[in-house]
Amino acid sequence: MQLATWNVNSLNVRLPHLLQWLAENPVDVICIQETKLTNDKFPVAAIEAAGYAVEFSGQKTYNGVAILSRLPMTDIVRNNPLFPDEQQRILAATIDGIRVVCAYVPNGQAVDSDKYRYKLGWMAAFRDWLAAELARNPQLAVLGDYNVAPEDRDVHDPAAWEGEVHVSPRERQALGALLDVGLADAYRLFDQPEKAYSWWDYRMLRFQKNQGLRIDHILLSSPLAARCTGCTIDRVPRKWKQPSDHTPVIATLG
DNA sequence: ATGGCCTCGACCCGAGGA
């Protein structure tokens, strides 16, 4: 079984990319973020024609998450019941006995800004809810754009980024608190190439220079981590025309 | 040269992303 995550940065623009990627990478489940679509505009027919059931939670212009699955989805939850939020950033479904959570963690904009405080509060509430989800189902997979690079090796230039949003100590602690619930970063369960990133700024030829951040993650509870046989980042779609600035991450479960 | 891009919405710039 393969689970993937991809921040598509507008599904309206990226639907052809998503369909092409799924044709070449027929994963069982993909969590997507930043759909930027209201639910009435969601391209259900095109995705079902590609062989996927789909659930989504969207809003106008910003945010929006969706889960595509080859197998049926049950027990759909939108947003965190512990954190009332207008912004559509969380979607959960149970698939083949696995609780799959799709998350788009707030950006944070700048350290100590209002958006940064919202990010930290959001992540603390997310932690509490994930702890409850894990208690309900020990098979938990949390996939998404966390907007936090866990360690300096996940940052192309740690000195330049020191203390900045996405790497600041409080954000890393908040991500660590998610792991402490009983989750593992699937990517780090395996030997990986150095300078591996999942996002590159559109500006300054950052992708061509491989100057990015690893901020898109797949977190697995212990029973799923034990089943995980690989985790990779697929840089290929970042090279396509009019790409998302993020690229997919894929975990394989045996 | 301290910026550079992309998307959206509303109306050609501003907000937000990371």
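So, how was this worked out
Each chain carries its own residue numbering, running from 1 in the written order of its sequence. Labels follow written order: the first chain is A, the first ligand is 1, and so on. Residues qualify for local features only when their pLDDT is at least 70, as the model is predicted, and side-chain atom pairs are given and counted only at 80 or more; totals for whole chains, interfaces and linings, by contrast, use all residues. To obtain the side-chain values, all non-hydrogen atoms of the structure were included, while hydrogens and water were left out. Here is the rule: rings of Phe, Tyr and Trp (six-membered ring for Trp) pair when centre to centre is within 6.5 Å. Planes less than 30 degrees apart are stacked, more than 60 are edge-to-face, and the remainder are tilted. Working definition: helices are DSSP H or I runs of at least four residues, strands are E runs of at least two. Numbering for both runs from the N terminus. The classification of residues rests on relative accessible area computed with a 1.4 Å probe and restricted to protein chains. Under 20% of the type maximum is buried, over 50% is exposed, and intermediate values are partly exposed. UniProt positions are given in the numbering used here, feature names are shortened, and annotations may be inferred rather than shown by experiment. N or O atoms within 3.5 Å of each other form a polar contact, as long as, within protein, one can give a hydrogen and the other can take it, and as long as residues adjacent in sequence are counted only when both atoms are side-chain atoms. When DSSP finds two or more bridges between two strands, those strands count as paired. Axis definition: a line fitted to C-alpha atoms, limited for helices to the stretch in contact. Angles are taken between N-to-C directions and run from 0 to 180 degrees. In this analysis, two residues are considered to be in contact whenever any of their non-hydrogen atoms come within 4.5 Å of each other.

A. Examining the packing of aromatic side chains more closely. Overall, the coordinates contain six aromatic pairs when judged by the stated rule. Between F42 and F56, the ring centres sit 4.1 Å apart and the planes meet at 5 degrees, which makes this aromatic pair stacked. Linking F42 in the loop between β2 (29-33) and α2 (44-49) with F56 in strand β3 (residues 53-57), this pair joins segments that are 14 residues apart in sequence. Both residues of the pair, F42 and F56, count as buried. Among the aromatic side chains, those forming a connected cluster through ring pairs are W122, F126 and W129.

B. Representation of the UniProt feature "site: Transition state stabilizer" (unreviewed entry) in chain A in the model. Mapped onto the present numbering, the UniProt feature "site: Transition state stabilizer" (unreviewed entry) falls on N147. With relative accessibility at 5%, the residue N147 sits in the buried group. A polar contact is formed between the side chain of N147 and the backbone oxygen of V105, at a distance of 2.8 Å.

C. Region of the structure containing the sheet that holds strand β4 (residues 65-69). Taken in spatial order, the six strands line up as β3-β4-β2-β1-β14-β13 in an open sheet, and their pairing is mixed. The open sheet has two edge strands with one neighbour each: β3 and β13 (228-233). In this sheet, adjacent strand axes meet at a mean angle of 10 degrees when their direction is disregarded. Judged from the five bridges that link them, β2 and β4 form a sheet pairing that is antiparallel. Bridge pairing in β4 links C31 to I67. Relative to the sheet, helix α1 (residues 11-24) contacts β1 (2-7), β2, β4 and β14 (249-253), its axis offset from that of β2 by approximately 160 degrees.

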